[in-house]
Amino acid sequence: RAEWDKEIVEMSSRSSLTPEEAELDDEELFSLIRTTISLGRVGKNVDGCFKAMLKILFMHQDHHFFSMTKHQDETSLIIEDGCLDLFPSNSFVTTQTGNVISIYHGRGSNDSVGIIRHYTRPLASQSLTMLDITTHDRDFLIVPEGQGEQALQELLRANATNTFQANQELSLSSSPALGVIHVPHIQEHVTLNVLPMKFKLIAFKKSELDRIGVSLLKFLLTENEERFLSITMTVDSISLVIDEHELPELDDIMEFASYTNESSWRAVHLIAGSSGLGESAVSRVSEVLAESMIPICYLSTSDDDYILVKSVHIEEAMSVMKQKL
């Protein structure tokens, strides 16, 4: 455990784990959510799913994972299979199913360099396909259904044998402990589109849901064709990525926020080609941006991915990605 904490500190000028969190064992840092999840979309109008969203927020609070990303006229959902029946018939189109691994890395870790690369590299070395969702204190790696246990064991093995690599050892092609790793370029042509908005990252404790739920639901269902927002709800927290201009709409519940990242963030839409992003997107993006010492958050959806980069790094990040992806 001391080796893990040492490397987390080395990846950032500030440690994201408190002394109490540093005492967590592997099973608390890495955990497999033992239920199948579905990735899909609900189409142009999320209002038709109002009742389903209401039940997920208020009546199914024991579920472990729910994520919604809305961009313009499309809403992507990642939900546990047990919640599928809550949606109207034919309103939810499943594109794939998978297993989720929760990786705890501490509050404030969004400011750390190389966090996502740190976890995806052992999986990439085994050619495991993955998607990723970053929240204020965790990353959730999504692997194809049936591969969750294998991915979890790879992460536990890498931690136990100290094969995670610290910042000063970042390399696109090799690692002394893992041997030679080829992280391929994204095979299909992709388009990088910087969204015009600036974003804030905030979080609430799930225990505050009785106080914030109604306002939060109204906010999520606000009609705005140009908006981008993302919400991820876990067993104990609710994380949001929202447009800075929409933040005043949550004024009545911000006093209950458990975490607010002070930085301003930009979102880069990684638009897939006809065959999708493929398995190399998360690992490739995290590799090239970590090498350039740029901290990121990652949001995978049913079709495309979004990379969150601090506003001060956006020009450099775009230059790096255009050259190396």
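It should be noted that the structure appears before, not after, this text.
Note that the structure is predicted; figures quoted are calculated from it, not measured.

Participant: Describe the pattern of salt bridges, and please don't skip the residues or the numbers.
Facilitator: Counted by the stated rule, this structure contains ten salt bridges. Measuring nitrogen to oxygen at the nearest pair gives 3.9 Å for the salt bridge that ties Asp236 to Arg138. Residue Asp236 is found in the loop between β11 (228–234) and β12 (237–243), and its partner Arg138 is found in strand β6 (residues 138–144); the two are separated by 98 residues along the sequence. Classification of Asp236 by relative accessible area gives partly exposed; the value is 38%.

Participant: Give a description of the packing of aromatic side chains that names residues and reports values.
Facilitator: For the structure on display, the rule yields five aromatic pairs. A ring pair is formed by Phe30 and Tyr119, whose centres lie 6.5 Å apart and whose planes are at 85 degrees; its orientation type is edge-to-face. You can see Phe30 sitting in strand β1 (residues 30–41) and its partner Tyr119 sitting in helix α4 (residues 115–124), a full 89 residues away along the chain. The buried category is assigned to Phe30, whose relative accessible area is 2%. Looking at Tyr119, the relative accessible area reads 1%, which means it is buried. Here Phe87 and Phe92 contribute two aromatic rings whose centre-to-centre distance is 5.8 Å and whose plane-to-plane angle is 35 degrees, an arrangement assigned as tilted. Phe92 carries the same exposure label as Phe87, and that label is buried. Residue placement shows Arg227 over the ring face of Phe219; its charged tip is 4.8 Å from the ring centre.

Participant: Describe the side chain of Asp305, and please don't skip the residues or the numbers.
Facilitator: If you trace the backbone, Asp305 turns up in strand β16 (residues 305–310). Although Asp305 lies buried, it forms no salt bridge, and the closest oppositely charged side chain, Arg41, sits 12 Å away as judged by the N-O distance. At a separation of 2.7 Å, a polar atom in the side chain of Asp305 contacts the side chain of Tyr298.

About the cut-offs
Residues numbered from 1 in each chain as written. Predicted model: local features only at pLDDT ≥ 70, side-chain atom pairs only at ≥ 80, totals over all residues. Heavy atoms only, no water. Salt bridge = Lys/Arg side-chain N within 4 Å of Asp/Glu carboxyl O. Helix = DSSP H or I, 4+ residues; strand = E, 2+ residues; numbered from the N terminus. Buried < 20%, exposed > 50% of the residue type's maximum accessible area, 1.4 Å probe, protein only. Phe/Tyr/Trp six-rings, centres within 6.5 Å; stacked < 30°, edge-to-face > 60°. Lys NZ or Arg CZ within 6 Å of the ring centre and 35° of its normal. Lys, Arg positive; Asp, Glu negative; His and termini not counted. Polar contact = N/O pair within 3.5 Å; in protein donor to acceptor, adjacent residues only side chain to side chain.

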